[in-house]
Amino acid sequence: MKSNKLVKYKNNVFIKIFNFFKRFFSKRSITVSKNIIEEPITDVKNKANFLENIQIEENEEEKRLKLLQVQYDNGEIDEDDLSEEEIEKLVVLYEKETEELNADTERRKIHIGQMLKELKSS
């Protein structure tokens, strides 16, 4: 039956060199991470700028157009209920979505083509 004891290695020159570098680099990385963590952000202005940068600004007009689009698609409103300006904006929105779908379809076609080439070559 095998014993579960760890195998002891002789401390030759290579093991000593390996352990030296291992300790050297491990201590260095810990020191660097401590410096990063311990450095507090004291500037309130930087915090405010950071919060402004990560916030997603919602465009009220786009939200309204999306709601009109959903209502129109569901048959809740007709073209007669919309003004000419709203119809033009909805047309632009539909065209934009169509372009995005076409671009996505093209990317998928290219990806599938690449996968087929890889399968044929292997």
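Residues numbered from 1 in each chain as written. Predicted model: local features only at pLDDT ≥ 70, side-chain atom pairs only at ≥ 80, totals over all residues. Heavy atoms only, no water.

### Points about helix 4 (residues 84-121)
Then step 1. Compared with the 56 Å implied by 1.5 Å per residue over 38 residues, the 55 Å span of helix 4 between its first and last C-alpha is a close match.
Then step 2. Residues of helix 4 that are buried: Glu 86, Leu 90 and Leu 93.
Then step 3. At its buried positions, helix 4 is contacted by helix 3 (60-73). (Helix = DSSP H or I, 4+ residues; strand = E, 2+ residues; numbered from the N terminus. Expected span 1.5 Å × (residues − 1). Buried < 20%, exposed > 50% of the residue type's maximum accessible area, 1.4 Å probe, protein only. Contact = heavy atoms within 4.5 Å.)

### A few points about the nonpolar core
Then step 1. With six residues, the main nonpolar core is built from Leu 65, Leu 68, Ile 77, Leu 82, Leu 90 and Leu 93.
Then step 2. Setting aside its immediate chain neighbours within four residues, Leu 93 contacts Leu 65, Lys 66 and Gln 69. (Core = buried A, V, L, I, M, F, W, Y, C linked by side-chain atoms within 4.5 Å.)

### Notes on a negative patch on the surface
Then step 1. A cluster of like negative charges, contributed by Asp 78, Glu 79, Asp 80 and Asp 81, occupies part of the molecular surface.
Then step 2. Position of Asp 78 among the secondary structure elements: in the loop between helix 3 and helix 4. (Patch = residues over 30% accessible without salt bridge, like charges linked within 9 Å, V, L, I, M, F, W, Y side chains within 5 Å. Areas by Shrake-Rupley, 256 points an atom, 1.4 Å probe, with all protein chains shown as cover. Salt bridge = Lys/Arg side-chain N within 4 Å of Asp/Glu carboxyl O. Lys, Arg positive; Asp, Glu negative; His and termini not counted. Charge placed at Lys NZ, Arg CZ, Asp CG, Glu CD.)

### Some thoughts on the layout of surface pockets
Then step 1. Its boundaries defined by the atoms lining it, the largest pocket holds a volume of some 160 Å³.
Then step 2. In terms of lining residues, the largest pocket is bounded by Glu 62, Leu 65, Lys 66, Lys 89, Val 92, Leu 93, Lys 96, Glu 97 and Glu 100.
Then step 3. When residues of the lining of the largest pocket are traced back to their parent elements, those giving at least two are helix 3 and helix 4.
Then step 4. By residue number, the principal contributor to the lining of the largest pocket is helix 4, which donates six residues. (1 Å grid on protein atoms, 1.4 Å probe; cavity = no way out; pocket = protein on both sides within 12 Å on 5 of 7 lines; lining within 4 Å. Points joined across faces, edges and corners; volume = space filled by probe spheres on them.)

### Examining a nonpolar patch on the surface
Then step 1. A surface patch of nonpolar side chains, amounting to about 610 Å² of accessible area, comprises Val 13, Ile 17, Phe 20, Phe 21, Phe 24 and Phe 25.
Then step 2. Locating Phe 20 in the fold gives a position in helix 1 (residues 13-38).
Then step 3. Residue Phe 20 is classed as partly exposed on the basis of its relative accessible area of 47%.

### Observations regarding the confidence of the model for the protein chain
Atom-level detail of predicted coordinates should not be read off regions where pLDDT is low.
Then step 1. Across the protein chain, pLDDT averages 79, with 74% of residues at or above 70.
Then step 2. Across the protein chain, helix 4 holds the top mean pLDDT of 94, while helix 1 sits lowest at 64.
Then step 3. Predicted confidence is poor over residues 29-33, with pLDDT under 50, and the contacts of this stretch with residues over four places away or in other chains come to zero contacts. (pLDDT = per-residue confidence, 0-100.)

### Examining the pattern of salt bridges
Then step 1. Considering all chains together, one arrives at seven salt bridges under this definition.
Then step 2. For Glu 85, the salt bridge is made with Lys 89, and the minimal N-O distance between the two is 3.1 Å. Here Lys 89 and Glu 85 lie together in helix 4, a separation of four residues that amounts to about one turn.
Then step 3. Classification of Lys 89 by relative accessible area gives partly exposed; the value is 28%.
Then step 4. In this structure, Arg 108 engages Asp 104 in a salt bridge whose closest nitrogen and oxygen atoms are separated by 2.9 Å. With Arg 108 and Asp 104 both in helix 4, this residue pair falls four residues apart, about one helical turn.
Then step 5. Among the residues examined, Arg 108 registers a relative accessible area of 54% and is labelled exposed.
Then step 6. What emerges from the salt-bridge pattern is a single network uniting Glu 61, Arg 64, Glu 85, Glu 86 and Lys 89.

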